[in-house]
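Okay, here's what each chain looks like letter by letter:
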Amino acid sequence: HAVEAYGLYHTVAFIESNTTQTKTPRETRFDKGSLNYRMLQSGIFGPKTDVYVDFRVDAAKDFPDVPPIMRENIQREHITKRW
């Protein structure tokens, strides 16, 4: 997919959360300065494509009644705001 998408997109947005959809804590992988973050910023999507990585801190213990699909929808809303 990467070759077909190179230079195609104006903006690419990633939203990383510290909790999975099943409420399991997870380590973030795209912290600024990390190898993964630098890879995303390296121009792999094209020379004019803006790449954003935003973080969402989700304290599942604070919101135990939020269903997994709602967590996914919240992350999608963040992507829409970037566009």
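Preceding this paragraph is the structure being described.
This one's a predicted model, so the numbers in the text were calculated from it and none came from an experiment.

Conventions we followed
Residues numbered from 1 in each chain as written. Predicted model: local features only at pLDDT ≥ 70, side-chain atom pairs only at ≥ 80, totals over all residues. Heavy atoms only, no water. Buried < 20%, exposed > 50% of the residue type's maximum accessible area, 1.4 Å probe, protein only. Helix = DSSP H or I, 4+ residues; strand = E, 2+ residues; numbered from the N terminus. Pairing = 2+ DSSP bridges. Right-handed = clockwise from strand over helix to strand, strands pointing away. Salt bridge = Lys/Arg side-chain N within 4 Å of Asp/Glu carboxyl O. Phe/Tyr/Trp six-rings, centres within 6.5 Å; stacked < 30°, edge-to-face > 60°.

Q: What exactly am I supposed to notice about the pairing of strand 1 (residues 11-17) here?
A: On any regular strand, side chains alternate: one points to one face of the sheet, the next to the other face. Of all 7 residues in strand 1, 6 are buried, a share of seventy percent or more. In the sheet, strand 1 pairs with strand 2 (residues 50-56) via 7 bridges, with the strands oriented parallel. Bridging across to strand 2, I15 finds its partner in D54. Chirality of the crossover, the property in question, places the unit of strand 1, helix 2 (residues 35-40) and strand 2 among those that are right-handed.

Q: Explain the pattern of salt bridges here, please?
A: When charged atoms on two side chains of opposite charge get close, those side chains can pair. Counted under the stated rule, the structure contains 1 salt bridge. In this structure, the salt-bridge partner of E16 is R26, at a minimum N-O distance of 3.5 Å. Of this pair, E16 sits in strand 1 while R26 sits in the loop between strand 1 and helix 2, and the two are 10 residues apart along the sequence. Among the residues examined, E16 registers a relative accessible area of 5% and is labelled buried. Taking the relative accessible area as the measure of exposure, R26 reaches 27% and is therefore partly exposed.

Q: For this particular structure, what's the right way to read the packing of aromatic side chains?
A: Aromatic rings in a pair are described by how distant their centres are and how their planes are angled relative to each other. For the structure shown, the criterion picks out 2 aromatic pairs. Judged by centre distance (6.5 Å) and plane angle (15°), the rings of F14 and F30 are stacked. Residue F14 is located in strand 1, and its partner F30 is located in the loop between strand 1 and helix 2; the two are separated by 16 residues in the primary sequence. The exposure class of F14 is partly exposed, given its relative accessible area of 29%. A relative accessible area of 14% means that F30 is categorised as buried. With a centroid separation of 6.2 Å and an interplanar angle of 50°, the aromatic rings of F14 and F45 are classed as tilted. Taken as a pair, F14 in strand 1 and F45 in the loop between helix 2 and strand 2 lie far apart in primary sequence, 31 residues in all.

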